[in-house]
Amino acid sequence: MPHPIMFSDDDPGLAEVRAIALGFPGAFEKVSWGRPVFCAPKMFAMYGGNVKGEARGEMIPYPHSVLVKVDESDRKALEQDSRFFFPAYMGPFGWLGLDLTAAEVDWEEVTELLDASYRMVASKKLVKQLDQQPGAVT
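What counts, and where the lines are drawn
Residues numbered from 1 in each chain as written. Predicted model: local features only at pLDDT ≥ 70, side-chain atom pairs only at ≥ 80, totals over all residues. Heavy atoms only, no water. 1 Å grid on protein atoms, 1.4 Å probe; cavity = no way out; pocket = protein on both sides within 12 Å on 5 of 7 lines; lining within 4 Å. Points joined across faces, edges and corners; volume = space filled by probe spheres on them. Helix = DSSP H or I, 4+ residues; strand = E, 2+ residues; numbered from the N terminus. Patch = residues over 30% accessible without salt bridge, like charges linked within 9 Å, V, L, I, M, F, W, Y side chains within 5 Å. Areas by Shrake-Rupley, 256 points an atom, 1.4 Å probe, with all protein chains shown as cover. Salt bridge = Lys/Arg side-chain N within 4 Å of Asp/Glu carboxyl O. Lys, Arg positive; Asp, Glu negative; His and termini not counted. Charge placed at Lys NZ, Arg CZ, Asp CG, Glu CD. Buried < 20%, exposed > 50% of the residue type's maximum accessible area, 1.4 Å probe, protein only. Axes fitted to C-alpha atoms, helices over the stretch in contact; angles between N-to-C directions. Contact = heavy atoms within 4.5 Å. Core = buried A, V, L, I, M, F, W, Y, C linked by side-chain atoms within 4.5 Å. Pairing = 2+ DSSP bridges.

- The name given to the chain in an unreviewed UniProt entry is Phosphoribosylglycinamide formyltransferase, with the source organism recorded as Mycolicibacterium smegmatis.

1. Concerning empty space enclosed by the protein
Phase 1 of the analysis: The final tally for this structure, using the stated rule, is one cavity of 30 Å³ or more.
Phase 2 of the analysis: The computed volume of the largest cavity comes to approximately 50 Å³.
Phase 3 of the analysis: As for the largest cavity, its lining consists of Arg-83, Leu-98, Asp-99, Leu-100, Ala-103, Glu-104, Val-105, Asp-106, Glu-109 and Val-110.
Phase 4 of the analysis: Counting only elements with at least two residues in the lining of the largest cavity, the list comes to β6 (95–99) and α3 (107–121).

2. Some points on a negative patch on the surface
Phase 1 of the analysis: Judged by side-chain charge, Glu-104, Asp-106, Glu-108 and Glu-112 come together as a negatively charged surface patch.
Phase 2 of the analysis: Topologically, Glu-108 is positioned in helix α3.
Phase 3 of the analysis: Exposure remark for Glu-108: the relative accessible area of 57% places this residue in the exposed category.

3. Structural notes on the layout of surface pockets
Phase 1 of the analysis: Size it by volume and the largest pocket reaches roughly 310 Å³.
Phase 2 of the analysis: Of all the secondary structure elements, the ones that give two or more residues to the lining of the largest pocket are β3 (43–52) and β4 (59–69).
Phase 3 of the analysis: A total of five residues in the lining of the largest pocket trace back to one element, the largest contributor, which is β3.

4. Comments concerning the packing of α3 against helix α4 (residues 124–131)
Two quantities define a packed helix pair, namely the angle between the axes and the distance from one axis to the other.
Phase 1 of the analysis: Interhelical geometry of α3 versus α4 gives an angle of 145° and a closest axis separation of 8 Å. Here Asp-115, Tyr-118 and Arg-119 of α3 lie close against α4, whose contacting residues are Leu-126, Val-127, Leu-130 and Asp-131.

5. Regarding the nonpolar core
Phase 1 of the analysis: In this structure, Phe-24, Phe-44, Val-66, Leu-98, Leu-100, Leu-114 and Tyr-118 are the most contacted members of the largest nonpolar core, which totals 29 residues.
Phase 2 of the analysis: Counting only elements with at least two residues in this core, the list comes to α1 (14–21), β3, β4, β6, α3 and α4.
Phase 3 of the analysis: For this core, the leading source of residues is α3, giving five residues.
Phase 4 of the analysis: Each residue touching Leu-114, except ones within four places of it in the same chain, is listed here: Val-17, Ile-20, Ala-21, Phe-24, Phe-44, Ala-45, Val-66 and Val-68.
Phase 5 of the analysis: With nine residues, the next largest nonpolar core counts Val-37, Met-43, Val-51 and Met-90 among its residues.

6. Re the pairing of β4
Phase 1 of the analysis: Where β3 meets β4, seven bridges bridge the pair, whose relative direction is antiparallel. Within the sheet, the bridge partner assigned to Tyr-47 lies in β4 and is Val-66.
Phase 2 of the analysis: Connecting the antiparallel pair β3 and β4 is a turn made up of six residues, with Gly-57 showing a positive phi of about 80°.
Phase 3 of the analysis: The sheet contact formed by β4 and β6 spans five bridges and is antiparallel. Among the inter-strand pairings, Lys-69 is bridged to a residue of β6, identified as Trp-95.

7. Focus on the pattern of salt bridges
Phase 1 of the analysis: Applying the stated criterion to the full structure yields eight salt bridges.
Phase 2 of the analysis: Between Arg-75 and Glu-72 there is a salt bridge whose closest N-O contact spans 3.1 Å. A residue pair is termed a helical-turn pair when its members lie 3 or 4 positions apart in one helix, as Arg-75 and Glu-72 do in helix α2 (residues 72–79) at three residues.
Phase 3 of the analysis: Given a relative accessible area of 9%, Arg-75 falls into the buried group.
Phase 4 of the analysis: Under the relative-accessibility criterion, Glu-72 is labelled exposed at 55%.
Phase 5 of the analysis: For Arg-119, the salt bridge is made with Asp-131, and the minimal N-O distance between the two is 2.7 Å. Within this pair, whereas Arg-119 is found in helix α3, its partner Asp-131 is found in helix α4, the two being separated by twelve residues in sequence.
Phase 6 of the analysis: Taken together, the shared-partner salt bridges connect Asp-9, Arg-18 and Glu-29 into one network.

Written as C-alpha cells, this is what we have:
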C-alpha cells in the first residue's frame, strides 16, 4: 500500500525549497513516503517530517519543514537551535529537520543547508559542476 500524499504544492516554503534544491546539478524530485524528496541521485533533502512522540507509535508532524543531511561538525550547533528537530527514522542517519514555521525563514541559510547536504551525497563530478556555477557556495 503506497503512502498517502502528505503535502500540497502551495505548502509554505515548498516552492522555495523546490527552486533551491532543483538548482543543483543533476538534482531531481520524486515523491517518497508521501513527501517531496530531492535527489542527486541519492536523497539530499525532503520537505516535511515527523518526530517520535512520548507514547508508543505517536508521531508529531512537522509538515512545513525541510530535512537535510548534516555534517557531524555542524550537528551540535544546529541542535542548540530550537528551529531544528531530530526527524523520526532519518535522524540516526545524520539528518536534522528545520521547521520553516518556527521563525521567519532565512532562505540564505536554507540554501547553505541544502548545499551542504547535497555535497555530502552527490558524486564528485556533480560537486565539481556545482563549484563551476557562477555564485557557487564553496
